[in-house]
Amino acid sequence: MFFQPHDGWVGDVIPYARDGELNLFYLHERREVPKPGTPWSLAVTRDLLHVEDHGTALPHGADDDADFNTYTGSVVRDASGTYHLFYTGQNPAILGSDGAPVQVVMHATSGDLASWTKHPEHAFGAAEGYETADWRDPFVFFDERRGVWRMLITARHRHGPERRRGVIAQCESSDLVTWKATTPFWDPHRYVAQECPELFALGDWWYLVYSEFSDAFATRYRMARTPDGPWLAPERDTVDGRAFYAAKSAAVGGRRIFAGWIASREGDTDDGAWQWAGTLSLLEARQNPDGTLAFAPPAEILDSFDRQTSAGLAPTILAAPDGFRCAVGSEPLPEQCLLRAEFTVAPDTAEYGLLLRTSADGDHGYVIRLEPRRGRMVLDRWPRRRTGQAQWQISGDVPHMIELERPADLSGLTHTLEVLIQEDVAVVALDRQVCLSTRLYDLRAGRTGAFVSDGTAELRGLSVHVRGGVS
């Protein structure tokens, strides 16, 4: 369900759809010391469920080549049928005028998406006015209105406030070989950088997607009526939370499928720092009537959990007008499962939600907490990390697990939570609108349950589903 190569981790994903097949190029991270070069590898799925690893697609360069690391880019097909792969070349030993490793845009071509010919003579670095160490993630598309190829590039201005120089630069070409810098595509003066940009249209709207490389690592999107803006920020402008990063998308059978990676944590522990790269995860974007995007795992993945097993918890009403109440099932959660819970909540209820891998009394476990008054869904964990021996010395001065928060519309009185769990990976979907992906390292077993605080919530149904033959 969550693909990972046997000898490493999935970094930035570059999806490309062809004939109903989703080609998932990805940066292959091995976490070896000394650090080897980073190549592009290829995984392929035909049903959004089963993923085949095809190994290295674009090898990294030699020790003294500009593309010792082959970083993120994009793939397009020209009118003659030739595929063009544009990528970021970087070598830690080659420094730019900024004193940091230089980044350049590089080019390769193919007739079949499998075997690529590099064209190092086509490489080009940062245009005038941009830092040489930030010139990456080229996204190429054909502008049919003007009859030109356009390239969006993650860049930074040479001057300005250090944390707000991020800009999506732009180049244009008539032949996919010679590129000329033009006016910036988007210059919000807000981030360190806007990584992995992409642009696509759905119906009457255009969407600019980027990953915020700043104080909050998240994949975000903006909306506009034209491919040149002006860009509007929707109320919920993130694809997922902190753990799901560098997501890009492709159109498959009239659907928009996002591919990103769920980050691992250092030391395989809930308190470990987030690491670069992780496991592949797919989300499907659906367009709401107002043009905003809803996100959930593809139906193929959800439907593959085709056998229901008991949670040991019947529908129940939890009432705690001034306190906390929970109900816990009698059966352990399978290590791989789909958990589905339907709630009807009384007006003005403060908090309610699900307990995962919890103890029989509901006091030790993970918590998916819906907070209508704050308009958010969060992931929490009890007990929290101890910071000393005294009773009060716990990380209790935080409202939930830091960075695992999602804005959500909880104004309605009926909501459905769906949770995909596979070993230490979990993806939570609320009403198939809002997703929260994470890792669950420290607690690997337990039951499921429901709770309410300061209000009343009816658990109308709680079901656990596994795949045929899995218990």
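All values derive from a computational prediction rather than experimental measurement.

Summing up its helical and strand segments, the protein has 1 helix and 30 strands in all. Against the globule reference of 23 Å for 471 residues, the protein gives a C-alpha radius of gyration of 23 Å, in line with a compact fold. Here the C-alpha coordinates of the protein stretch approximately 70 × 50 × 45 Å along the principal axes. Taking all 471 residues of the protein together, 58% fall into the buried category. Long-range pairs, those at least 24 residues apart, make up 56% of the contacts in the protein between residues at least 6 apart in sequence. Accessible surface, the protein as shown: approximately 19300 Å² in total, 49% of it carbon and sulfur. A distance of 3 Å separates the average location of the 47 positive side-chain charges in the protein from that of its 66 negative side-chain charges.

A word on the packing of aromatic side chains. Across all of its chains, the model carries 23 aromatic pairs by this definition. Judged by centre distance (5.6 Å) and plane angle (50 degrees), the rings of Y191 and Y210 are tilted. Here Y191, found in the loop between strand 12 (180-181) and strand 13 (193-202), pairs with Y210, found in strand 14 (residues 205-213); they are 19 residues apart in sequence, far enough to count as distant. The same class applies to Y191 and to Y210, which are both buried. When the centroid spacing of 5.8 Å and the interplanar angle of 65 degrees are considered together, the rings of F217 and Y245 count as edge-to-face. On the criterion of sequence distance, the pair formed by F217 in the loop between strand 14 and strand 15 (218-224) and Y245 in strand 16 (residues 244-252) is long-range, its members being 28 residues apart. One aromatic cluster is present, built from ring pairs that chain together F200, Y207, Y221, F258 and F295.

This brings us to the nonpolar core. Judged by nonpolar contacts, the single largest core of 85 residues is most densely connected at F343, L354, I368, M377 and L417. Here L417 is in contact with L339, R340, A341, F343, L354, I368, L370, M377, V428, A429 and L430, once residues within four sequence places are set aside.

In this chain, G229 is followed by P230 through a cis amide linkage whose omega measures 5 degrees. Examined against the element boundaries, P230 turns out to sit in the loop between strand 15 and strand 16. Here W382 and P383 are connected by a cis peptide whose omega angle stands at 0 degrees. Its location among the elements puts P383 in the loop between strand 25 (376-382) and strand 26 (405-407). At R357, a position not held by glycine, the phi torsion is positive, near 50 degrees. You can see R357 is positioned in strand 23 (residues 351-358). The backbone of R432 shows a phi angle near 50 degrees, a positive value even though the residue is not glycine. When you line up the elements, R432 lands in the loop between strand 28 (425-430) and strand 29 (434-439).

Further remarks concern the sheet that holds strand 13. One open sheet holds the 3 strands; their spatial order is 13-14-15, and the pairing between them is antiparallel. Strands at the two margins of the open sheet, each flanked by one partner only, are strand 13 and strand 15. Across the sheet, the axes of successive neighbouring strands diverge by a mean angle of 20 degrees, strand direction being ignored. Pairing geometry for strand 13 and strand 14, over 8 bridges, is antiparallel. Across the sheet, residue L199 finds its bridge partner in strand 14, namely L208.

It is worth spelling out the pattern of salt bridges at this point. Opposite charge on two side chains makes pairing possible when the charged atoms of those side chains draw close. The tally for this structure, following the rule as stated, stands at 38 salt bridges. The salt bridge involving R165 is made with E162; its shortest N-O contact spans 3.4 Å. Of the charged contacts in the structure, one is a salt bridge between R340 and E418, with a shortest N-O distance of 2.8 Å. Placement of R340 in strand 22 (residues 336-345) and of E418 in strand 27 (residues 414-422) is noted, with a sequence separation of 78 residues between them. Given the relative accessible area of 5%, E418 is considered buried. Within the structure, one salt-bridge network assembled from shared partners comprises E131, D134, R136, D137, R156, E162, R165 and E195.

On to the environment of R286, then. Inspection of the secondary structure puts R286 in strand 18 (residues 274-287). We classify R286 as partly exposed; its relative accessible area is 36%. Put simply, R286 and A450 are 164 residues apart on the chain and 29 Å apart in space, counted from C-alpha to C-alpha. Aside from chain neighbours lying at most four places away, what touches R286 is T292, L293, A294 and R432.

It is worth spelling out the sheet that holds strand 10 (residues 148-157) at this point. Pairing in this open sheet of 4 strands is antiparallel, and the strands run 9-10-11-12 from one edge to the other. At either margin of the open sheet sits one strand with a lone partner, and together these are strand 9 (130-143) and strand 12.

Under the counting rule described, the total for this entry stands at 0 disulfides. As a non-bridged cysteine, C337 has C435 as the owner of its nearest cysteine sulfur, 16 Å distant. Exposure remark for C337: the relative accessible area of 0% places this residue in the buried category.

What counts and what doesn't
- Residues numbered from 1 in each chain as written.
- Predicted model: local features only at pLDDT ≥ 70, side-chain atom pairs only at ≥ 80, totals over all residues.
- Heavy atoms only, no water.
- Helix = DSSP H or I, 4+ residues; strand = E, 2+ residues; numbered from the N terminus.
- Rg over C-alpha atoms; globule rule 2.2 N^0.38 Å.
- Buried < 20%, exposed > 50% of the residue type's maximum accessible area, 1.4 Å probe, protein only.
- Contact = heavy atoms within 4.5 Å.
- Areas by Shrake-Rupley, 256 points an atom, 1.4 Å probe, with all protein chains shown as cover.
- Lys, Arg positive; Asp, Glu negative; His and termini not counted.
- Charge placed at Lys NZ, Arg CZ, Asp CG, Glu CD.
- Phe/Tyr/Trp six-rings, centres within 6.5 Å; stacked < 30°, edge-to-face > 60°.
- Core = buried A, V, L, I, M, F, W, Y, C linked by side-chain atoms within 4.5 Å.
- Pairing = 2+ DSSP bridges.
- Axes fitted to C-alpha atoms, helices over the stretch in contact; angles between N-to-C directions.
- Salt bridge = Lys/Arg side-chain N within 4 Å of Asp/Glu carboxyl O.
- Disulfide = S-S within 2.5 Å.

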